[in-house]
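Residues per chain are reported as follows:
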Amino acid sequence: MTNSGSDHFPGQIDVDLAAIRHNLRTLQQRARGSQLMAVVKADAYGHGRGPVALAAYEAGVRWFGVSQVNEALKLVAELTGAGVRDARVFAWLAAPNQDWEAALSAGLHLSASSTFTLESIAAAAQTLALTAPIHLKVDVGMGRGGARGDDFAHLALVAARLEAEGLITVEGIWSHLPEADDITEAGHETMAGQVARFERALAQAREAGLEPELRHLAATSGTLWYPETHYDLVRVGIGMYGLSPNPQVASSADLNLRPALSLGAPVILVKRLPAGAGVSYGATWRAERPHWVGLVPLGYADGIPRHGSNSAPVTVQTVDGPFLSQILGRVCMDQVVISLGEGDEPAARVGDWAVLIGSGPGEPSADEWARACGTINYEIVTRLAPTISRHYHQEDQP
Ligand SMILES: *Cc1c(COP(=O)(O)O)cnc(C)c1O
């Protein structure tokens, strides 16, 4: 099964949907009795939203979360197109002039951090003569979305009035944690303060007369490392894709998570450079001795970070087994040059498969790319461009 990307683009992303289902089972065990929401924003972290959401649905997930209302509308179409009728889709970001009628007509569950958003949604609900399902967002310390302190108490009062008018129903109270991947003593102290703020907001909601069915706070890191943040539902993103929210705390393998994505392209040219020859713009790498190099047709336009220049790992699958290589010189827009050694013969041939991200023996992980590029695994996978075709596999691992 293939979707998106050009038929003739040589690079390819493979997504193992069995790994996604496995990861959700692992996360459900950690979440115990709490429901899972599969976070499929940013095209399912670069893995492809529709196929990933359906795999999660098959694994028993009924809640789906994205940032943008527009992504949520696409997701609803993908799910209903596949015959799914009982999924609930939650979106938490919107433009000031958002078309709330379209959002409500599609059955979306919506977040509100301000009375402005709440009243805009209520107005659309009135026009459509329906009741909008709302999750009120608290700011417990992220300093991003959500209402803080007295602002939240006021938001809850406005929500209670709109609920009494039948325009909205407050289905959830929620927030997002900024430091749940910090498991030091200081991290535990920070968490205690943030959970206390969440509890205060829940009390404010009760005082306003609200009785939300769902309280939710944790993303993957809270799910894994702070059970007191589980409440009724946890929103899992990175862990579902098999990556650790903080590889310094625990690796994918430590967590029983299987990275689901691999990225590769064929070697399309092999040649020997003489001693002294430079590679790529600025000649930031030079051959000290004669050196075999290979050309791989993926570059920064495809989402390969330019920060991987001269550092990021690449493994080539050759007839003699995996050859552990790396990028030489700067990452270009559509191509990179990799080392094929200093032997009499090149370590790989034209047509051999170069794996930039993988999970097989000796293959570089998204975590290694993140380290080489000074970023996080989240950014490595979400940047991968839609120009690269995605291929989906269902096999369970041998
Ligand atoms: C991205 C996101 C998540 C998922 O986070 P992970 O660390 O990938 O599990 C959950 N909730 C919100 C609000 C998010 O923005």
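Here the structure is a predicted model, which means the values were calculated and not measured. (Residues numbered from 1 in each chain as written. Predicted model: local features only at pLDDT ≥ 70, side-chain atom pairs only at ≥ 80, totals over all residues. Heavy atoms only, no water.)

K.L.:
Please set out the environment of Gln-126 residue by residue, giving values where relevant.
P.N.:
Examined against the element boundaries, Gln-126 turns out to sit in helix 6 (residues 115–128). Under the relative-accessibility criterion, Gln-126 is labelled exposed at 55%. The spacing of Gln-126 and Arg-30 is 96 residues in sequence and 41 Å in space, taken between C-alpha atoms. (Helix = DSSP H or I, 4+ residues; strand = E, 2+ residues; numbered from the N terminus. Buried < 20%, exposed > 50% of the residue type's maximum accessible area, 1.4 Å probe, protein only.)

K.L.:
Would you mind going over the side chain of Asn-377 in detail, with residue names and values included?
P.N.:
Among the secondary structure elements, Asn-377 is positioned in helix 11 (residues 377–382). With relative accessibility at 3%, the residue Asn-377 sits in the buried group. Excluding its chain neighbours within four sequence positions, the residues that come into contact with Asn-377 are Ile-238, Leu-243, Ser-244, Pro-247, Ala-366, Asp-367 and Ala-370. (Contact = heavy atoms within 4.5 Å.)

K.L.:
Before we move on, could you go through the packing of aromatic side chains and cite the residues and values that matter?
P.N.:
Tallying each qualifying case throughout the model produces six aromatic pairs. Consider the rings of Phe-90 and Trp-174, whose centres lie 5.1 Å apart with planes at 80 degrees: the pair is edge-to-face. Of the two residues, Phe-90 is situated in strand 5 (residues 88–93) and Trp-174 in strand 8 (residues 168–174); the sequence distance between them amounts to 84 residues. Neither Phe-90 nor Trp-174 differs from the other in exposure class; each is buried. (Phe/Tyr/Trp six-rings, centres within 6.5 Å; stacked < 30°, edge-to-face > 60°.)

K.L.:
Can you tell me about the UniProt feature "modified residue: N6-(pyridoxal phosphate)lysine" (unreviewed entry) in the chain, naming the residues and giving the values?
P.N.:
Mapped onto the present numbering, the UniProt feature "modified residue: N6-(pyridoxal phosphate)lysine" (unreviewed entry) falls on Lys-41. With respect to the helices, strands and loops of the structure, Lys-41 is situated in helix 2 (residues 41–45). Once you skip the residues sitting within four places of it in the chain, Lys-41 turns out to touch Gly-65, Val-66, Ser-67, Glu-71 and Trp-92. (UniProt positions renumbered as here; feature names shortened; annotations may be inferred.)

K.L.:
How would you sum up the site of the ligand? Please name residues and give values.
P.N.:
Contacts to the ligand come from 14 residues, most closely from Lys-41, Tyr-45, Thr-220, Ile-238 and Tyr-378. Here an oxygen atom of the ligand sits 2.6 Å away from a polar atom, N or O, in the side chain of Lys-41. Between the ligand and Arg-235 there is a distance of 2.9 Å, counted from a nitrogen atom to a side-chain nitrogen or oxygen. Relative to its unbound accessible area of 390 Å², the ligand is 94% covered by the protein chains. Judged by the proximity of its atoms to the pocket grid, the ligand belongs to the largest pocket. Listing elements by their share of the shell around the ligand, those giving two or more residues are helix 2 and strand 10 (233–236). Split by residue class, the shell around the ligand holds eight nonpolar, three polar and three charged. (Near = heavy atom within 4 Å. Polar contact = N/O pair within 3.5 Å; in protein donor to acceptor, adjacent residues only side chain to side chain. Areas by Shrake-Rupley, 256 points an atom, 1.4 Å probe, with all protein chains shown as cover. 1 Å grid on protein atoms, 1.4 Å probe; cavity = no way out; pocket = protein on both sides within 12 Å on 5 of 7 lines; lining within 4 Å. Sits in = over half its atoms within 2 Å of the grid points. Nonpolar A, V, L, I, M, F, W, Y, C, P; charged D, E, K, R; others polar.)

K.L.:
Outline empty space enclosed by the protein, supporting the account with residue identities and numerical values.
P.N.:
The full count for this structure, using the stated rule, is two cavities of 30 Å³ or more. In this structure, the largest cavity spans a volume of roughly 60 Å³. What lines the largest cavity is His-47, Tyr-241, Leu-243, Pro-259, Ala-260, Leu-261, Ile-357, Gly-358, Ser-365, Ala-366 and Val-381. Looking at the lining of the largest cavity residue by residue, the classes come out as eight nonpolar, three polar and no charged. Its boundaries defined by the atoms lining it, the second largest cavity holds a volume of some 40 Å³. Forming the boundary of the second largest cavity are Leu-263, Gly-303, Ile-304, Pro-305, Ile-357, Trp-369, Ile-380 and Leu-384. Looking at the lining of the second largest cavity residue by residue, the class counts come to seven nonpolar, one polar and no charged. (Points joined across faces, edges and corners; volume = space filled by probe spheres on them.)

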